[in-house]
Amino acid sequence: MDRIRIQKIFTDLGIMSRRAAEKEIEEGRVTVNGEPAKLGDKADPKRDVILYNGQRISGGIERRHTYLMLNKPMGYVTTMSDEKNRKTVFDLVKDAGCRVYPVGRLDMYSEGLLLMTDDGELTNKLTHPSHSIGKIYSVKVKGEIGREAVDALTSPMELDGYEIRPVKVRLTASGKTDSDGKLYSVLEITLFEGRNRQIRKMCEKCGLTVMRLRRIKIGELWLGDLPVGKWRYLTEDEVSYLKR
């Protein structure tokens, strides 16, 4: 067999995504035939001994992957490490039994449902631009709004030079008052793509101020009553649904 890049071997075996593998290689967790691997190195997964954290991953060894759902709190970044020493979602899932990685992102000030796994093949599938699983967000905005705001958000819109795909918007509460006496409304927005800070940019373009943004559903997977900052393993039915 031809020698191929080590990060691609990780992806082909369904261990983790290419980017995640590159990170692990850079951090010295991967060896090939007893020597630390470097970015750009190639290997033959059938002949070479590739170890990840001391465990052999080459040679077609079957792995049982880990899949979990985290209720991400505000103030955490969706990365495994941060150069600014901010809190990361990895801090919340250290007790998962293995190193899992985020499937997609939520920005630092957003909350809610975040899938994490060590299954690189599934991660690539779910984050590929052609994948159109709907993601539902509960968006609390300042003030009292009406139908005109819904119409504005669902109209054709260009962000950062790109015409976004149509979204679904439902007004679930309008003109409510919170404990601080501030007037607010709540929108339920369904996205079919995941562009950087898309909802915040959409709201800004429509003159709306976001007070809170939570992802509550991905496809058929609901966040439910999972406490903020806590995680749970996905059920077999939930994993099967994502793989379909």
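About the thresholds
- Residues numbered from 1 in each chain as written.
- Predicted model: local features only at pLDDT ≥ 70, side-chain atom pairs only at ≥ 80, totals over all residues.
- Heavy atoms only, no water.
- Helix = DSSP H or I, 4+ residues; strand = E, 2+ residues; numbered from the N terminus.
- Contact = heavy atoms within 4.5 Å.
- Pairing = 2+ DSSP bridges.
- Phe/Tyr/Trp six-rings, centres within 6.5 Å; stacked < 30°, edge-to-face > 60°.
- Buried < 20%, exposed > 50% of the residue type's maximum accessible area, 1.4 Å probe, protein only.
- Lys NZ or Arg CZ within 6 Å of the ring centre and 35° of its normal.

**Details of the environment of Pro73**
- Position of Pro73 relative to the elements: it lies in the loop between β7 (67-72) and β8 (101-102).
- On a C-alpha basis, the gap between Pro73 and Ser130 in space is 28 Å, while along the polypeptide they are 57 residues apart.
- Here Pro73 is in contact with Leu92, Ser110, Glu111, Val228 and Gly229, once residues within four sequence places are set aside.

**With respect to the side chain of Thr11**
- With respect to the secondary-structure elements, Thr11 resides in helix α1 (residues 6-12).
- If near-sequence neighbours (up to four positions away) are discounted, Thr11 is found in contact with Met16, Ser17, Arg18, Glu121 and Asn124.

**Let's talk about the sheet that holds strand β3 (residues 35-36)**
- Pairing in this open sheet of 4 strands is antiparallel, and the strands run β3-β2-β5-β6 from one edge to the other. Because the sheet does not close on itself, it has two edges, and the strands there are β3 and β6 (55-56).
- Where strand β2 (residues 30-32) lies against β3, 2 bridges are found, and the strand directions are antiparallel. What sits directly across from Thr31, in β3, is Pro36.

**Overview of the packing of aromatic side chains**
- Applying the stated criterion across every chain yields a total of 2 aromatic pairs.
- The interplanar angle of 85 degrees and the centroid separation of 4.7 Å between the aromatic rings of Trp231 and Tyr233 together place this pair among those described as edge-to-face.
- For Trp231, a relative accessible area of 18% gives the class buried.
- Over the ring of Tyr162 we find Arg195, and its NZ or CZ is 3.7 Å from the ring centre.

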